[in-house]
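# Structural description and commentary
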Amino acid sequence: MPVNISPGAGHTKKSKPLPSDFETFESAKLARTRLICQLRKLDDPAATALADVLGACRKASRCGSGACPVCNRVFRIHLAGEVKRARPSAFDVLRISLIPASFRVESGGLADFDLRRWVSSRHRTIERALPPESLFAGGVDVSLNTLENNDPHWCFHIYGFVLLPLGWGVHNRSKVRRLRAELERRCPPVPKSDRIGAEKVLTVAAMDSDSFDDAVLYAHKGDFYRRSRYAYTRRKTGTRSTNVTPQTLPRSAKVELSLFLARFPLGSRLILIGFRRRGTLRNLNDAFRGTFVDGHVVATRGVMVLDPDDWKAVFQAVREFDGFTPEDDPHGEHDFGVVTFKGERYFWKIDYYDLDLRAASPDPTDPAFTVRVMTIMRADEY
Ligand SMILES: [Zn+2]
């Protein structure tokens, strides 16, 4: 049975204070104000539009932008609370850190990159590598990396936690090595020469499960850095060494990253395996049907032979439909309905596909892995 969680909705009970190094509300707000200023300074319509969205973010109506530091903080706290509520009471945990080889985008190239497709594909490979009884909560961190004299490039880094049943053997070295090898095979990491500093390109390590609830706050990072590696020779010993201090992002990179993150809903960097988002299916279906945005609408021949004014009226009736019955909508998912126009009955039906439109969505409650397709047809075409 999947465990239900619903990041981004409801609220979190604060049973204990946040870790002392977790960003405060004030610091997130300051980061948002600074970002708005930087965006406004540019003479760019997309930057101005994002500044407007961020500027309108209030407690009662959060902007929900993937680029908003305040919304990100709220989201992370909420996510950690929901994962805590949904996780087993006793479990063992492995920490995973992975820099996949398949992502490397030159600075300035993020505009063409489809984050959701990339995350969805990493989600699938990680899922296949993990033992079937495990849960995974993690996310993707972005940094701007510079290796010696090369041009900077964006690097995505996956960080997360595998929750395993007690007794699985997180301290059993050969078992952990096997899992690590499986991850390495399915989701190959960058070559060691491309890493920054001493960090490993792939780590799988046992972690104290008592610290899980705090640690999971960091699974979906909210602040982003530039990391540089440059070699230098130690004066005293003459040995070669590297400096890898994280630095703040240059302004142009920060703007590029913000515009990129704003293209995707909050939580698009999240990878949850075995946890399911609760109660959102109906909301997502209603939102899609009401706007026809974020999915495909297909009309059959029986609808398209109508006069344009008539098929537009049928479409409008589908948008406004509110007559759900227990017979047509037994699970309350709002994925099917019937409208009548000029005495003819028309059905509408929503199906859930993966991003390639080839197979069923692995999780229709998660927009990151789902393309909704609504078919509108005459009843006799069903
Ligand atoms: Zn916001």
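Look a little higher up for the structure.
Bear in mind that the values here come from a model prediction, so they are computed numbers and not experimental data. (Residues numbered from 1 in each chain as written. Predicted model: local features only at pLDDT ≥ 70, side-chain atom pairs only at ≥ 80, totals over all residues.)

Scanning the chain for helices and strands turns up 10 helices and 15 strands. Expressed as a percentage of the 382 residues in the chain, the buried residues total 34%. Of all intrachain contacts in the chain linking residues separated by at least 6 positions in sequence, the fraction that spans at least 24 positions is 72%. (Helix = DSSP H or I, 4+ residues; strand = E, 2+ residues; numbered from the N terminus. Buried ≥ 20, exposed ≤ 12 C-beta atoms within 10 Å, placed from the backbone. Contact = placed C-beta atoms within 7 Å.)

Glancing now at the sheet that holds strand β12 (residues 295–299). One open sheet accounts for 4 strands, arranged β12-β15-β14-β13; its pairing is mixed. For this open sheet the edge positions go to β12 and β13 (336–341), each flanked by a neighbour on one side alone. For this sheet, the mean angle separating the axes of adjacent strands, direction not counted, is 20°. Bridging between β12 and strand β15 (residues 371–378) involves 5 bridges; their strand directions are parallel. In the sheet register, Val298 faces β15, and the bridge partner there is Thr375. Helix-sheet contacts for helix α10 (residues 308–320) involve β12, β13, β14 (344–353) and β15, and the interaxial angle to β13 is about 140°. (Pairing = 2+ DSSP bridges. Axes fitted to C-alpha atoms, helices over the stretch in contact; angles between N-to-C directions.)

Of the two faces of strand β10 (residues 270–273), the one holding Leu270 and Leu272 and the one holding Ile271 and Ile273 are both buried throughout. Here strand β4 (residues 135–147) runs beside β10; their pairing, made up of 4 bridges, is antiparallel. When the bridges of β10 are listed, Ala137 appears paired with Leu272.

Take the packing of helix α1 (residues 25–41) against helix α2 (residues 45–55) next. Following both chains from N to C, one finds α1 and α2 inclined at 155°, their axes separated by 8 Å at the closest point. It follows from the interaxial angle that α1 and α2 lie roughly antiparallel. As for how α1 packs across α2, the hand of that crossing is left-handed. The residues of α2 that touch α1, namely those facing Arg32, Leu35, Ile36, Leu39 and Arg40, are Ala47, Thr48, Leu50, Ala51, Leu54 and Gly55. Split by residue class, the contact of α1 with α2 holds 7 nonpolar, 2 polar and 2 charged. (Parallel < 35°, antiparallel > 145°, perpendicular 65-115°, else oblique. Left-handed = near helix turned anticlockwise from the far one by under 90°. Nonpolar A, V, L, I, M, F, W, Y, C, P; charged D, E, K, R; others polar.)

In this section: the nonpolar core. One finds Phe136, Ala137, Phe161, Val162, Val216 and Ile271 to be the most contacted residues of the largest nonpolar core, which totals 65 residues. Among the elements that take part in this core, strand β5 (residues 153–164) stands out by supplying 9 residues, more than any other. In terms of nonpolar packing, the next biggest core, distinct from the first, is built from 13 residues, Leu284, Val303, Tyr346 and Met374 among them. (Core = buried A, V, L, I, M, F, W, Y, C linked by C-beta atoms within 7 Å.)

For a regular strand, side chains alternate in direction, first toward one face of the sheet and then toward the other. In terms of burial, β4 is a largely internal element, 11 of the 13 residues being buried. Strand direction decides the pairing type here: β4 and β5, joined by 11 bridges, are antiparallel. Bridge pairing in β5 places Asp141 opposite His157.

Over its 12 residues, helix α7 (residues 251–262) runs 16 Å from end to end, which matches the ideal 16 Å to within 8%, given 1.5 Å per residue. All of the buried residues in α7 are Lys254, Val255, Ser258, Phe260, Leu261 and Ala262. As for α7, its buried residues are in contact with α1 and α2. (Expected span 1.5 Å × (residues − 1).)

Tracing the backbone shows Asn172 in the loop between β5 and α5 (173–186). Of the residues examined, Asn172 has 11 C-beta atoms within 10 Å and is grouped as exposed. Between the C-alpha atoms of Asn172 and Ala206, which are 34 residues apart in sequence, the distance is 9.4 Å.

What follows is about the environment of Leu135. Relative to the helices and strands, Leu135 resides in strand β4. We classify Leu135 as buried; it has 22 C-beta atoms within 10 Å. Distance in space between the C-alpha atoms of Leu135 and Pro165 is 9.4 Å, their sequence separation being 30 residues.

In this section: the environment of Ser97. Take Ser97: it is sitting in strand β2 (residues 92–98). The sequence separation of Ser97 and Lys200 amounts to 103 residues, and the corresponding C-alpha distance is 8.0 Å. In this structure, Ser97 is in contact with Tyr159, Lys200 and Thr203, ignoring residues within four places of it in sequence.

With that settled, consider unusual backbone geometry. In this structure, His334 takes a positive phi of about 55° despite not being glycine. Tracing the backbone through its elements, the reader meets His334 in the loop between α10 and β13. Of note, Lys342 is a non-glycine position whose phi angle comes to about 50°, a positive value. The residue Lys342 is located in the loop between β13 and β14 in this model. The exposure class of Lys342 is exposed, given the 8 C-beta atoms found within 10 Å.

Axis separation between α2 and α7 bottoms out at 11 Å; the angle between their running directions is 70°. With respect to α7, the axis of α2 lies roughly perpendicular. Between α2 and α7 lies a crossing of left-handed hand. When α2 is examined against α7, the residues Ala46, Ala47 and Leu50 are found in contact with a partner set consisting of Val255, Ser258, Leu259 and Ala262. For the contact of α2 with α7, the residue count by class is 6 nonpolar, 1 polar and no charged.

Our focus in this paragraph is helix α3 (residues 69–86). Helix length check: α3 (18 residues) gives 25 Å between terminal C-alpha atoms against 26 Å at 1.5 Å per residue, within 8%. Within α3, 13 of the 18 residues are buried, which leaves it mostly tucked inside the rest of the structure.

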